[in-house]
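Below, each chain spelled out in residue letters.
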Amino acid sequence: IVATEPISKPSLFIRSFSHDSLATVSQQKVFNDRYLPQLSAFANSGLNSNSIPNIQRHVGLSAGLLLTYNLFDGHQKKINQDQQLLRIDEAEHQKGLKLNEVKTQADAFLQNIGKIRTELNKEKQIQIEYKELLELYQDEVKRAQISVIYLITFLKKYSSINLAVSIKEITLNKLINEYNY
């Protein structure tokens, strides 16, 4: 689909800032999991003998539970939480700056698109007038009222006008594509 008009849509550049905030929140959750009580179980067994007689005396087995809980961490939890909040605030600030930058760029593109459209309309009007003049020149050449050299000179001017219109249309479409990006 080719867009000939600017399409206003939310910027994809903003998604990275929301991803940064979500990553910071998940890092905080992972860090806080360290402070939950942890219970682990263990068991092991083994054989420590190099002779067959009385082997039953050399077989061992042990099992147990381990409970860990942080009583004091040197205020690391609070420090980490403050750092994460600063990261979230920084991401929000950067998001605001990026939104402002994107809006400024979009406004500049829209302004340039409007300017190019006005210039293009003027050049198309000139192109129409030149086309009418070309028909008049061709009639005058047929009646031998002007020389062919004048017609050739006029055709050069007419082709340069057509080229200028084509260049303006390409520029306009390029600006619209850049705006839509």
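Residues numbered from 1 in each chain as written. Predicted model: local features only at pLDDT ≥ 70, side-chain atom pairs only at ≥ 80, totals over all residues. Heavy atoms only, no water.

1. Observations concerning the packing of helix α2 (residues 76-142) against helix α3 (residues 148-180)
Put simply, the rule is: In this description, a line fitted to the C-alpha atoms serves as the axis of each element, helices being fitted only across the stretch in contact, and the angle between N-to-C directions of two axes falls anywhere from 0 to 180 degrees. For the purposes of this entry, the term helix denotes a DSSP run of H or I that reaches at least four residues, the term strand denotes a run of E that reaches at least two, and both are numbered from the N terminus. An angle counts as roughly parallel when it lies under 35 degrees, as roughly antiparallel when it exceeds 145, as roughly perpendicular when it falls between 65 and 115, and as oblique in every other case. Left-handed is the label given to a crossing in which the near helix is rotated counterclockwise from the far helix by less than a right angle, and right-handed is the label when the rotation is clockwise.
As a packed pair, α2 and α3 sit with axes 9 Å apart at the nearest point and diverge in direction by 160°. Comparing their axes, α3 and α2 come out roughly antiparallel. The element α2 and its partner α3 pack so that their crossing is left-handed.

2. A closer look at the side chain of K168
Worth spelling out the cut-off: Any two residues having at least one pair of non-hydrogen atoms within 4.5 Å are treated as being in contact.
With respect to the secondary-structure elements, K168 resides in helix α3. Sequence-distant contacts of K168, defined by excluding residues within four places in its chain, comprise I116, E119, L120 and E123.

3. Considering α3
Formally: To estimate how far a helix should extend, the number of its residues minus one is multiplied by 1.5 Å. The rule is simple: take the accessible area with a 1.4 Å probe, protein chains only, and divide by the maximum for that residue type; under 20% is buried, over 50% is exposed, in between is partly exposed.
Relative to the 48 Å expected for 33 residues at 1.5 Å per residue, α3 spans 48 Å between its end C-alpha atoms, a close match to the ideal helical length. When we look at burial in α3, the residues that qualify are L151, F154, Y158, I161, V165, K168, L172, L175, I176, Y179 and N180.

4. A word on a nonpolar patch on the surface
In plain terms, the rule: Only residues whose relative accessible area exceeds 30% and that form no salt bridge are eligible for patches; like-charged ones are grouped when within 9 Å, while nonpolar side chains (Val, Leu, Ile, Met, Phe, Trp, Tyr) are grouped when within 5 Å. Accessible surface area values rest on a Shrake-Rupley calculation with a 1.4 Å probe, where residue burial reflects the displayed protein chains alone. Take a side-chain nitrogen of Lys or Arg and a carboxyl oxygen of Asp or Glu: if they are within 4 Å of each other, that pair is a salt bridge.
A cluster of nonpolar side chains, contributed by L39, L65 and L67, occupies part of the molecular surface with about 380 Å² of accessible area. Structurally, L65 can be placed in strand β2 (residues 59-68).

5. Side note on the packing of aromatic side chains
How two aromatic rings sit relative to each other is set out by the distance from centre to centre and by the angle between their planes. Test applied: Pairing of aromatic rings covers Phe, Tyr and Trp, the last through its six-membered ring, and needs centres within 6.5 Å; plane angles under 30 degrees mean stacked, over 60 mean edge-to-face, and all others mean tilted.
Throughout the structure, instances matching the rule amount to three aromatic pairs. Consider the rings of Y130 and F154, whose centres lie 5.3 Å apart with planes at 10°: the pair is stacked. Here the residue Y130 occupies a position in helix α2, and F154 occupies one in helix α3, the gap between them amounting to 24 residues. Classification of F154 by relative accessible area gives buried; the value is 6%. Members of the aromatic cluster, joined through ring pairs, are Y130, Y137 and F154.

6. What to know about the nonpolar core
Note on soluble globular proteins: their nonpolar side chains tend to be buried together. Using the following cut-off: Here, nonpolar core means buried Ala, Val, Leu, Ile, Met, Phe, Trp, Tyr and Cys residues that are tied together by side-chain atoms lying within 4.5 Å of each other.
If you look at the biggest cluster of nonpolar residues, it comprises nine residues: A106, I113, I116, L120, V165, L172, L175, I176 and Y179. For this core, the secondary-structure elements that each account for two or more residues are α2 and α3. By residue number, the principal contributor to this core is α3, which donates five residues. Ignoring anything within four residues of it in the chain, the contact list for I116 reads K168, T171, L172 and L175.

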